[in-house]
Amino acid sequence: MNAARPTNTQKQTEATYVRTLPRPSAPRSRRGAGVTWGGDHESRGRLRPAPPAPRRGRSPGLRSSVTWPGRPAGPAEAERGAPGSSISMDLDGSEQDPEVKEHSPVYVGREEDIKKSERMTAVVHDREVVIFYHKGEYHAMDIRCYHSGGPLHLGEIEDFDGRPCIVCPWHKYKITLATGEGLYQSINPRDPSAKPKWCSKGVKQRIHKVTVDNGSIYVTLSNEPFKCDSDFYATGDFKVIRSPFR
């Protein structure tokens with residue numbers, strides 16, 4: 001028996017069904033194969049090489065300040081440089097010690113300049129200092145007087161008890177240039193005929209180190225562990241010099 005031939009209506013229905021079948025989607029990336037399937041219409045089904053991994057090599061000896069944006073990181077995350085932490089490190093992976101940086105010498109001017117004016121002011125690692133040139137010697141100290149924050153760079157240098165001192169213009173407090181001691185005169189109240197004697201209150205003004213190299217003057221901040229009264233006026237709202245980087 002011969003099979004029945006399909007009618008024209010059946011042929012049109014089958015053709016319509018074939019045309020409306022969905023096109024198969026491109027397969028996703030294959031792990032471990034080192035290649036990626038193309039996802040566009042023209043390259044569907046073709047293989048493309050995966051992008052190379054970022055290089056991890058770093059130049060030794062260079063320093064970089066790295067800041068990760070994002071949420072604040074905890075101590076453990078900040079230690080390994082997680083998002084949200086801000087660290088300063090060598091590019092070889094070792095962190096930079098902020099304490100060492102704070103006590104590194106800073107250039108403040110030339111010898112010929114300070115010898116003419118006999119004093120100059122400077123900002124050294126965000127700390128304001130005054131540098132005096134007196135009788136062939138350099139002296140640097142905090143710019144604000146330990147007593148009440150008076151501007152020492154506007155004071156006069158006088159000798160008391162054979163020691164050169166800067167006299168604060170506000171309340172006439174005497175501070176030795178070499179050691180930062182506060183001097184005062186004392187008298188024995190039980191002996192009215194006794195002469196006043198110069199005495200020391202101890203170190204009240206923080207003294208910093210001055211070095212000269214080939215005509216250039218450098219100041220290194222003091223790293224003495226004891227606390228000076230002048231530390232209170234060395235930072236914050238009492239500044240009289242504004243850093244150009246702020």
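Residues numbered from 1 in each chain as written. Predicted model: local features only at pLDDT ≥ 70, side-chain atom pairs only at ≥ 80, totals over all residues. Heavy atoms only, no water.

Novice: I'd like a description of the pairing of strand S8 (residues 137-142), backed by residues and values.
Specialist: Counting buried positions along S8 gives 5 out of 6 residues, so the element sits mostly inside the fold. Counted between consecutive antiparallel strands, the loop separating strand S7 (residues 127-134) from S8 contains 2 residues, among which lysine 135 sits at a positive phi close to 55 degrees. Bridge count between S8 and strand S14 (residues 207-213): 2 bridges; the pairing is antiparallel. The residue bridging methionine 141 from the neighbouring strand is isoleucine 207, located in S14. (Buried < 20%, exposed > 50% of the residue type's maximum accessible area, 1.4 Å probe, protein only. Helix = DSSP H or I, 4+ residues; strand = E, 2+ residues; numbered from the N terminus. Pairing = 2+ DSSP bridges.)

Novice: An account of the environment of valine 124 is needed here, citing residue identities and associated values.
Specialist: Looking at the element boundaries, valine 124 is found in strand S6 (residues 119-124). Separated by 96 residues in the primary sequence, valine 124 and threonine 220 place their C-alpha atoms 7.8 Å from one another.

Novice: Can you explain the sheet that holds strand S9 (residues 156-160)? Please cite residues and give values.
Specialist: The antiparallel open sheet is built from 5 strands, whose spatial order is S9-S10-S11-S12-S13. At either margin of the open sheet sits one strand with a lone partner, and together these are S9 and strand S13 (197-203). Geometrically, the sheet is characterised by an average inter-axis angle of 40 degrees between neighbouring strands, direction not taken into account. Where strand S10 (residues 163-167) lies against strand S11 (residues 174-176), 3 bridges are found, and the strand directions are antiparallel. Residue valine 167 lies in a different strand from S11, and its bridge partner there is lysine 174. (Axes fitted to C-alpha atoms, helices over the stretch in contact; angles between N-to-C directions.)

Novice: How would you summarise the environment of histidine 139 if you had to cite specific residues and measurements?
Specialist: For histidine 139, the location among the structural elements is in strand S8. Relative accessible area serves as the criterion here: at 10%, histidine 139 is assigned to the buried category. If sequence neighbours within four positions are ignored, histidine 139 has contacts with Val130, Ile131, Phe132, Leu177, Ala178 and Val210. Engagement of the side chain of histidine 139 in a polar contact is seen with the backbone oxygen of leucine 177, the distance being 3.5 Å. (Contact = heavy atoms within 4.5 Å. Polar contact = N/O pair within 3.5 Å; in protein donor to acceptor, adjacent residues only side chain to side chain.)

Novice: Describe in detail the pattern of salt bridges, supporting the description with residues and values.
Specialist: Summed over all chains, the structure comprises 8 salt bridges. The salt bridge partner of arginine 127 is aspartate 142, with a shortest N-O separation of 2.9 Å. Note that arginine 127 is positioned in strand S7 and aspartate 142 in strand S8, a separation of 15 residues in sequence. Comparing arginine 127 with aspartate 142, the two get one shared label, buried. Linking lysine 135 and aspartate 159 is a salt bridge whose minimum nitrogen-to-oxygen distance equals 3.4 Å. You can see lysine 135 sitting in the loop between S7 and S8 and its partner aspartate 159 sitting in strand S9, a full 24 residues away along the chain. Taking relative accessible area as the criterion, lysine 135 reaches 67% and is therefore assigned exposed. If you follow the salt bridges from partner to partner, you end up with Arg127, Asp142, Arg206 and Asp231 in one network. (Salt bridge = Lys/Arg side-chain N within 4 Å of Asp/Glu carboxyl O.)

Novice: I'd like a rundown of the sheet that holds S8, residues and numbers included.
Specialist: In space, the 6 strands of this open sheet follow the order S5-S15-S14-S8-S7-S6, with antiparallel pairing throughout. Where the open sheet ends on each side, the last strands, each with one partner, are strand S5 (106-110) and S6. Each adjacent strand pair in this sheet contributes to an overall mean axis angle of 30 degrees, direction not counted.

Novice: Now, about unusual backbone geometry: what can you tell me, with residues and values included?
Specialist: Despite not being glycine, glutamate 118 has its phi angle at roughly 65 degrees, a positive value. Relative to the elements of secondary structure, glutamate 118 occurs in the loop between helix H4 (111-117) and S6. Judged by relative accessible area, which is 46%, glutamate 118 ranks as partly exposed.

Novice: Just give me the short version of the pairing of strand S15 (residues 216-220), but keep the residues and values in it.
Specialist: In terms of burial, S15 is a largely internal element, 4 of the 5 residues being buried. Alignment of S5 against S15, held across 4 bridges, turns out to be antiparallel. From the neighbouring strand, glycine 109 faces S15, where its bridge partner is isoleucine 217. Of the strand pairs in this sheet, S14 and S15 are connected by 5 bridges, and their pairing is antiparallel. Bridge pairing in S15 places valine 210 opposite valine 219.

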